[in-house]
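# Structural overview
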Amino acid sequence: FLGIREWYGQVVVDPVLDPSLDGLVVSLNFRGRAVKFRYHVKSDAAYSPKKIEVAGKPLSFTKQANPYRDGGALIPQDVFDAAVKEGAVVDVTL
C-alpha cells in the first residue's frame, strides 16, 4: 500500500495508491527518526514515483526492476539519511 521499506542497503519507495488518496500524509518512525511521507497522486497510474523531494529539494533515485509495471524508487540509505532528518516531510509524486 504505502510501499516504504528497506532492501539491501536501499530505501525503497514503491506505493500503489488510488487517486482519491491524493494528499495523504503518513507519520511514522522510519530509520530511527520521525518522518512524514506526503503523497501527491497526479495520474490514474498511481504507482512508481515520478519525483521525491525533501524540503523542496529533489532526492535522486533509480528505478527498481519490475516485470509488471514501472518499478519503485531506490534510494541508497546513506543518501536518504543525509537528506531526511528528524521531523522531515518526504513528498512523493506519483
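Attention in this report is confined to the structure presented alongside it. (Residues numbered from 1 in each chain as written. Predicted model: local features only at pLDDT ≥ 70, side-chain atom pairs only at ≥ 80, totals over all residues. Heavy atoms only, no water.)

Now for the nonpolar core. If you look at the biggest cluster of nonpolar residues, it comprises 23 residues, and the most contacted ones within it are Phe-37, Tyr-39, Phe-80 and Val-90. Of all the secondary-structure elements, those providing two or more residues to this core are β2 (10–13), β3 (25–30), β4 (33–40), β5 (51–54), β8 (73–76) and β9 (89–93). Considering every element that reaches this core, the biggest residue donor is β4, with three residues. If sequence neighbours within four positions are ignored, Val-90 has contacts with Val-35, Lys-36, Phe-37, Arg-38, Ile-52, Glu-53, Val-54 and Val-84. (Core = buried A, V, L, I, M, F, W, Y, C linked by side-chain atoms within 4.5 Å. Buried < 20%, exposed > 50% of the residue type's maximum accessible area, 1.4 Å probe, protein only. Helix = DSSP H or I, 4+ residues; strand = E, 2+ residues; numbered from the N terminus. Contact = heavy atoms within 4.5 Å.)

Of note, Arg-31 is a non-glycine position whose phi angle comes to about 55 degrees, a positive value. Arg-31 gets classed as partly exposed once you look at its relative accessible area, which sits at 25%. If you check the backbone angles, Ser-48 has positive phi at about 60 degrees while not being a glycine. Residue Ser-48 is classed as buried on the basis of its relative accessible area of 0%.

This part is about the side chain of Asp-14. Here Asp-14 shows up in the loop between β2 and β3. At 3.0 Å, the side chain of Asp-14 forms a polar contact with the side chain of Arg-69. Within the structure, the side chain of Asp-14 is placed 3.5 Å from the backbone nitrogen of Gly-72, a separation counted as a polar contact. Among all residues touching Asp-14, those that are not within four sequence positions of it are Leu-2, Gly-3, Arg-5, Gln-64, Arg-69, Gly-71 and Gly-72. (Polar contact = N/O pair within 3.5 Å; in protein donor to acceptor, adjacent residues only side chain to side chain.)

Quick look at the side chain of Thr-93 now. Following the sequence through the fold, Thr-93 ends up in strand β9. Leaving out residues up to four positions away in the same chain, Thr-93 has contacts with His-40, Lys-42, Pro-49, Lys-50 and Lys-51.

Geometry only, nothing functional implied.
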